[in-house]
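One letter stands for each residue in the lines below.
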Amino acid sequence: MKKSKLIWGGIVIIALIFAGFLWYQSYARKGKTLLNTSQTENSAGSNGSLENALPGNETAEQSADAEDNTDYNAMCENGEWLKLADQSGEISSVTGKLRRVYPDDSPAEFKSYQYYIEGTESLGITGSNLFKLDYFEGREMEVQGVKNAAKKEIAVTQVKCTGKETDKNVLGQRKNLMNWLAANINSIAPQKAKYQKWTVDIVDFVDENNVYVEYYDTAEDDEKMDISDDTSRRILVETAPSGAGFSAKVLAYWEMGEDDFVLKQGNDKFDYDNIDNFAASYQYDQDQKTWERID
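The shown structure was predicted, so the numbers you read here are calculated from the model rather than taken from an experiment. (Residues numbered from 1 in each chain as written. Predicted model: local features only at pLDDT ≥ 70, side-chain atom pairs only at ≥ 80, totals over all residues. Heavy atoms only, no water.)

> How would you sum up the nonpolar core? Please name residues and give values.
Grouped together as the largest cluster of nonpolar side chains are 23 residues, with contacts concentrated most on Leu-181, Val-203, Val-211, Val-213, Tyr-215 and Ile-235. Every element with two or more residues in this core is listed here: α5 (168-188), β7 (198-205), β8 (210-217), β9 (233-242), β10 (245-256) and β12 (280-285). For this core, the leading source of residues is α5, giving 7 residues. Setting aside chain neighbours within four positions, we find Val-203 in contact with Met-178, Leu-181, Val-211, Tyr-212, Ala-280, Ser-281, Tyr-282 and Trp-291. (Core = buried A, V, L, I, M, F, W, Y, C linked by side-chain atoms within 4.5 Å. Buried < 20%, exposed > 50% of the residue type's maximum accessible area, 1.4 Å probe, protein only. Helix = DSSP H or I, 4+ residues; strand = E, 2+ residues; numbered from the N terminus. Contact = heavy atoms within 4.5 Å.)

Here it is in structure tokens:
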């Protein structure tokens, strides 16, 4: 009994470490280092650029964020406007990809901003309550606000998702594919699960046909599990509709190494580590039994 408890305790610890690793991957999967929160978060009424960020603002914004139960993903998919602040002046609209500023790979002209809109007309974003924009990073957006042409920035009033982000056909097809991958991962994966069975965790869409799939062995309750064994795996899959489901061709296969995934088979033709932004990324919520957009 004592041995069983020790093994179980070890498994729980590994599970917690694994969960932390998955969280880190979903938030900073490409090795990007976010600017320190106290340096980047803006106060209500500040202009949104780093030189005007006030110390201590993160406390109020983090508190507001923690109490916010808004379903931002549903708002995005439904094309609903998200009001951020009132602005005085002539309201204009710009469209493009919403980008968060990272110190290592963002355009130099936007280094002093938290976010910018990347499109035909790229502008730095200023204003209040900008922390809410983190829910829409990398998505096609329409931003309304007051432009400052001289500074190439826009003081935002409200935002909404556009394009594929609100296309019900695209969204429905993605969910159908993810559900199919989850149901068939044990026959798609190049290797059989060592302990129990493979479970899909994250799906990254390069486009609507090519996806990276991260999965793991559901072995938390298996006392035979080696507690030092990280069962995480990744595959690059080329898919296509086929009958009532899909066809899937595995192009590349990774296993977890000491610190990161190591390519074991195939060719990573999209170069996962150097993809700046996926078309979309989803993680499966085991408690809610739903796919959640994470990027």
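> Describe the pattern of salt bridges, naming the residues involved and giving the relevant values.
Tallied over the entire structure, the rule returns 10 salt bridges. Glu-121 is the salt-bridge partner of Lys-147, the closest N and O atoms lying 2.8 Å from each other. With Lys-147 in strand β5 (residues 140-148) and Glu-121 in the loop between β3 (115-118) and β4 (123-126), this residue pair connects regions lying 26 residues apart in the sequence. Classification of Lys-147 as partly exposed rests on a relative accessible area of 33%. In this structure, the salt-bridge partner of Arg-293 is Glu-165, at a minimum N-O distance of 2.9 Å. Highlighted residues: Arg-293 in strand β13 (residues 290-293) and Glu-165 in the loop between β6 (153-161) and α5, separated in sequence by 128 residues. We classify Arg-293 as buried; its relative accessible area is 11%. (Salt bridge = Lys/Arg side-chain N within 4 Å of Asp/Glu carboxyl O.)

> Mind laying out the packing of aromatic side chains, listing which residues take part and the relevant values?
In total, this model carries 12 aromatic pairs according to the counting rule given. Where Tyr-72 meets Phe-136, the ring centres are 5.9 Å apart and the plane angle is 85 degrees; that geometry is what we call edge-to-face. Linking Tyr-72 in helix α4 (residues 72-77) with Phe-136 in the loop between β4 and β5, this pair joins segments that are 64 residues apart in sequence. Judged on exposure class, the residue Tyr-72 and its partner Phe-136 are both buried. Ring centres of Phe-110 and Tyr-113 lie 6.3 Å apart, and the angle between their planes is 65 degrees; on these two criteria the pair is classed as edge-to-face. The exposure class of Tyr-113 is buried, given its relative accessible area of 6%. Joined through ring pairs, the aromatic side chains of Tyr-212, Trp-254, Tyr-272 and Phe-278 make up one cluster. (Phe/Tyr/Trp six-rings, centres within 6.5 Å; stacked < 30°, edge-to-face > 60°.)

> I'd love a proper account of the sheet that holds β8, names of residues and values included.
Taken together, the 7 strands give an open sheet; going across it, the order is β11-β10-β9-β8-β7-β12-β13, and neighbouring strands pair in antiparallel fashion. Each edge of the sheet is formed by a strand with only one pairing partner; in this case those strands are β11 (261-266) and β13. Pairs of neighbouring strands in the sheet enclose a mean axial angle of 35 degrees, with direction left out of account. In this sheet, β10 lies alongside β9 in antiparallel orientation, the contact comprising 10 bridges. Across the sheet, the residue bridging to Val-237 is Val-250, located in β10. Relative to β7, α5 is tilted by about 145 degrees, and along the sheet it contacts β7, β8, β9, β10, β12 and β13. (Pairing = 2+ DSSP bridges. Axes fitted to C-alpha atoms, helices over the stretch in contact; angles between N-to-C directions.)

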